[in-house]
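Take a look at the letters that make up each chain.
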Amino acid sequence: MAKINAKWHKENKMPKNATVEQKIKWHQGHSKNCSCRDSTAHLIKLKKIINKKQLF
Ligand SMILES: [Zn+2]
């Protein structure tokens, strides 16, 4: 079962209109502090979007 780090979630809320960059930062912090979602899979997806946009 996935554990939710409720304290981390309270302190780190995802902005409503988060950019891809903000989402990546959120998931990077999330994967270190909580395991309620598979942030690794999200990060792979988000990084693919970034690569397409060529923002970095
Ligand atoms: Zn979580």
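Residues numbered from 1 in each chain as written. Predicted model: local features only at pLDDT ≥ 70, side-chain atom pairs only at ≥ 80, totals over all residues.

(A) Local environment of the overall build of the chain. Secondary structure assignment for the chain yields 3 helices and 0 strands. For the chain, the α and β elements follow one another from N to C terminus as α-α-α. Its C-alpha atoms give the chain principal-axis dimensions of about 35 × 20 × 15 Å. Relative to its 56 residues, the chain shows a buried fraction of 9%. For the chain, long-range pairs separated by at least 24 residues make up 44% of all intrachain contacts whose partners lie at least 6 apart in sequence. (Helix = DSSP H or I, 4+ residues; strand = E, 2+ residues; numbered from the N terminus. Buried ≥ 20, exposed ≤ 12 C-beta atoms within 10 Å, placed from the backbone. Contact = placed C-beta atoms within 7 Å.)

(B) Examining the environment of Lys 3 more closely. Tracing the backbone shows Lys 3 in the segment before α1 (6-11). With 8 C-beta atoms packed within 10 Å, Lys 3 lands in the exposed category. In the structure, Lys 3 is positioned 31 residues away from Cys 34 in sequence and 6.8 Å away in space, judged by C-alpha atoms. Setting aside residues no more than four positions away along its own chain, Lys 3 makes contact with Ser 35 and Cys 36.

(C) Spatial organisation of the packing of helix α2 (residues 20-33) against helix α3 (residues 39-53). Running from amino to carboxyl end, α2 crosses α3 at an angle of 155°, the nearest separation of the two axes being 9 Å. Relative to α3, the element α2 is oriented roughly antiparallel. Between α2 and α3 lies a crossing whose hand is left-handed. Facing Val 20, Lys 23, Ile 24, His 27, Gln 28, His 30 and Ser 31 of α2, the residues of α3 in contact are Ser 39, Thr 40, His 42, Leu 43, Leu 46, Lys 47, Ile 49 and Ile 50. Across the contact of α2 with α3, the residue classes break down as 6 nonpolar, 7 polar and 2 charged. (Axes fitted to C-alpha atoms, helices over the stretch in contact; angles between N-to-C directions. Parallel < 35°, antiparallel > 145°, perpendicular 65-115°, else oblique. Left-handed = near helix turned anticlockwise from the far one by under 90°. Nonpolar A, V, L, I, M, F, W, Y, C, P; charged D, E, K, R; others polar.)

(D) Inspection of α2 at higher detail. Compared with an ideal rise of 1.5 Å per residue, which puts 14 residues at 20 Å, α2 spans 20 Å between its outermost C-alpha atoms and is within 8% of the ideal. Those residues of α2 not exposed but buried are Lys 23, His 27 and His 30. All buried residues of α2 project into a common sector of 60° when viewed along the axis, lining one side. In this structure, α2 carries Glu 21 and Lys 32 as exposed residues pointing more than 90 degrees from its buried face. Residues of α2 that are buried sit in contact with α3. (Expected span 1.5 Å × (residues − 1). Arc of directions from axis to C-beta.)

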